[in-house]
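# Fold and geometry: a report
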Amino acid sequence: MTKIFFLGECMVELRELDDAMMGQSFAGDVYNSAVYMKRCFPKISVSMITAIGRDRLSEKMLSRFKSEELDTQFVFRHPSKVPGMYFIETDSAGERRFTYWRNDSAAKKIIPFLNDDVVTQLTSADMFFFSGIPLAIIDEDSRDAFWQKLERLKLAGVKLVFDPNYRAQLWASKEEAIEQFNRAFQISDIALPGIEDLSVLYGITSAPEAIDFFQQYQLAELVVKDGPNSVVTLTGTERLSHQIIPVTNVVDTTSAGDAFNGVYLGARLSGRTVFDAVQLGAKAAGTVIQHPGAIAPLVAFKQAMSE
Ligand code: ADP
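Residues numbered from 1 in each chain as written. Predicted model: local features only at pLDDT ≥ 70, side-chain atom pairs only at ≥ 80, totals over all residues. Heavy atoms only, no water.

### A closer look at the overall build of the protein chain
Which entries qualify depends on this criterion: Secondary structure follows DSSP: runs of H or I at least 4 residues long count as helices, runs of E at least 2 residues long count as strands, and numbering of each begins at the N terminus. Radius of gyration here is computed from C-alpha atoms only, and the compact-globule reference equals 2.2 Å multiplied by the residue count raised to the power 0.38. Burial here depends on accessible area, computed with a 1.4 Å probe over protein chains only, as a share of the maximum for the residue type. Under 20% is buried, over 50% is exposed, and the range in between is partly exposed. What makes two residues a contact is simply this: any of their non-hydrogen atoms within 4.5 Å. Counted as positive: Lys and Arg. Counted as negative: Asp and Glu. His and the chain ends are not counted at all. By convention, the point assigned to a charge is CZ for Arg, NZ for Lys, CD for Glu and CG for Asp.
For the protein chain, the helix and strand inventory stands at eleven helices and 13 strands. Taken against the 2.2 N^0.38 rule, which gives 19 Å for 307 residues, the C-alpha radius of gyration of the protein chain at 18 Å falls within 12% of a compact globule. Classification of the 307 residues of the protein chain by burial places 55% in the buried group. Across the protein chain, the fraction of contacts at a sequence separation of at least 24, relative to all contacts at a separation of at least 6, is 68%. Averaging the locations of the 31 positively and 39 negatively charged side chains of the protein chain gives two centres separated by 6 Å.

This is the structure we're talking about:
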């Protein structure tokens, strides 16, 4: 069975329903990608690698992973920490604002759980996905250990996949993020950066500039996402520019890139061409942005993907 591991943090999501009530869900970039991959490619074994607590919300999060049919063998239970949380607020102008409580979350402590034995088990994967968010939140003194574990996976033939997903507030400085991202690009086989991140970090504002920039790395596959404008891919020497059909009724762009990543990679793992994988990834992302929140309702999502 084809197997992928997603390393990262899933958080408790709160949103205001009215003055008296909150809606509660779960989301986080790599979790979102894992969910959309599994929904579209049920035959792939999709596992989350994360740490949660022993509290009631952690129980509910674990149940949610299971109900999305994600493998939870590598979801570790921290004895004293709890999951991170964020609150989405919509102001009178319709702009969304996020407030986070994640500085002491269980997921920050994931690396010590990944002992030699666990890493040996992870070498059975076809693919390992991580983003700049887990990279930012893991304790600084765990970083060397993290890179060593990735080296082991790479040596064992696991394809490493990275999306920078830059969040300025999670990094001490832009330079620190750039230094870590450069390491990630160096070790990765596939990178799926968005132009917005590349622009903020490297001053890259177009797909051709991005392609030039990534020549210094040994990526087997590069996928540059530019919102509704285009997706440009480079596989070996084959460069393709894919047209995106802009969605007119955008409700919430949260997790567009995550949905794209999950479905694109699922398609590639299933043997689909880069062209087909981009079409499917874009369809998933275009569907997700027509629903509020990171995770679109299952039935509506599956219906849209089957049309
Ligand atoms: P990221 O969230 O990683 O920055 P993008 O904003 O580039 O990524 O969006 C990811 C994907 O979502 C795009 O490649 C595209 O397929 C889709 N997408 C984003 N915005 C739109 C839109 N307005 N209309 C249609 N598709 C969109």
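### Topic: the packing of aromatic side chains
Rules: Between the rings of Phe, Tyr and Trp (Trp by its six-membered ring), a pair exists once the centres lie within 6.5 Å; its type follows the angle of the planes, with under 30 degrees stacked, over 60 edge-to-face, and the other angles tilted.
Enumeration over the complete set of coordinates arrives at 25 aromatic pairs. Aromatic pair Phe6 and Phe129: ring centres 5.3 Å apart, planes at 45°, arrangement tilted. Taken as a pair, Phe6 in strand β1 (residues 3-7) and Phe129 in strand β8 (residues 127-131) lie far apart in primary sequence, 123 residues in all. Here the two residues Phe6 and Phe129 agree in accessibility, since each one is buried.

### Some points on the sheet that holds β8
Working definition: the strands of a sheet are paired by backbone hydrogen bonds and lie parallel or antiparallel to each other. Where we set the bar: Two strands qualify as a pair provided DSSP detects at least 2 bridges between them. Angles run from 0 to 180 degrees between N-to-C directions of axes, and those axes are lines fitted to C-alpha atoms, restricted for helices to the stretch in contact.
With mixed pairing, the nine strands of this open sheet are ordered in space as β5-β4-β1-β8-β9-β10-β11-β12-β13. The sheet terminates laterally at β5 (75-77) and β13 (238-243), the two strands that pair on one side only. Bridging between strand β4 (residues 45-52) and β5 involves three bridges; their strand directions are parallel. For Ile52, the partnering residue across the bridge sits in β5 and is Arg77. Helix α5 (residues 143-155) contacts β1, β8 and β9 (159-163) of the sheet and is inclined by roughly 155° relative to β8.

### Overview of the packing of α5 against helix α6 (residues 174-187)
For clarity, the cut-off: Oblique is the label for any angle not covered by the other classes, which are roughly parallel (under 35 degrees), roughly antiparallel (over 145) and roughly perpendicular (65 to 115). Crossing handedness: left-handed means the near helix sits turned counterclockwise from the far one by under a right angle, and right-handed means the same turn made clockwise. Each residue gets one of three labels, nonpolar for Ala, Val, Leu, Ile, Met, Phe, Trp, Tyr, Cys and Pro, charged for Asp, Glu, Lys and Arg, and polar for the others, Gly among them.
At a minimum axis separation of 11 Å, α5 and α6 run at an interaxial angle of 15°. Taken together, the axis directions place α5 and α6 in an arrangement best described as roughly parallel. Crossing of α5 over α6 shows right-handed handedness. Contacts between α5 and α6 involve Arg143, Asp144, Trp147, Leu150, Glu151 and Lys154 from the first element and Glu176, Gln180, Arg183, Ala184 and Ile187 from the second. Looking at the contact of α5 with α6 residue by residue, the class counts come to four nonpolar, one polar and six charged.

### Considering the pairing of β1
The buried fraction of β1 is high, at four of five residues. For β1 and β8, the ladder comprises three bridges, and the chain directions are parallel. For Phe6, the partnering residue across the bridge sits in β8 and is Phe129.

### Quick word on the site of the ligand
Our working definition: Each residue is tested against the molecule or strand, and it is near if at least one of its non-hydrogen atoms lies within 4 Å. Contacts described as polar in this section are N or O atom pairs within 3.5 Å, which, within protein, must combine one atom able to donate a hydrogen with one able to accept it, while residues neighboring in sequence count only if both atoms come from side chains. Under the convention used here, a 1.4 Å probe and the Shrake-Rupley method define accessible areas, while residue burial counts only the protein chains that appear.
Near the ligand there are 16 residues, and of these Lys225, Gly227, Val247, Gly257 and Ala285 occur at the shortest range. Side-chain polar atom of Lys225 to an oxygen atom of the ligand: 3.3 Å apart, as the coordinates give it. Here the ligand, which alone exposes 550 Å², has 84% of that area covered by the protein. Within the residue set of the shell around the ligand, elements represented by two or more residues are β11 (221-226), α9 (256-269) and α10 (274-288). The biggest single contributor to the shell around the ligand is α9, with three residues. Among the residues forming the shell around the ligand, the class breakdown is twelve nonpolar, two polar and two charged.

### Brief notes about helix α2 (residues 56-67)
What counts is decided by this rule: By definition here, a helix of n residues has an expected span of 1.5 Å times n minus one.
Helix length check: α2 (twelve residues) gives 16 Å between terminal C-alpha atoms against 16 Å at 1.5 Å per residue, within 8%. Summarising the contacts, the buried residues of α2 are in contact with β2 (11-16), β3 (22-27), α1 (29-40), β4 and β5. Where α2 begins, the capping side chain belongs to Asp55, and its oxygen is found 3.2 Å from the backbone nitrogen of Leu57. Following α2 by one or two positions, Glu69 adopts a phi angle in the positive range, close to 65°.

### What to know about the pattern of salt bridges
Close approach of charged atoms allows side chains with opposite charge to pair. Spelled out, the test is: A side-chain nitrogen of Lys or Arg and a carboxyl oxygen of Asp or Glu constitute a salt bridge if their distance falls within 4 Å.
The full count for this structure, using the stated rule, is 13 salt bridges. Between Glu13 and Arg15 there is a salt bridge whose closest N-O contact spans 3.7 Å. Arg15 sits in the partly exposed class, given a relative accessible area of 22%. Where Asp276 meets Arg272, a salt bridge forms, and the shortest distance between an N and an O atom there is 3.9 Å.

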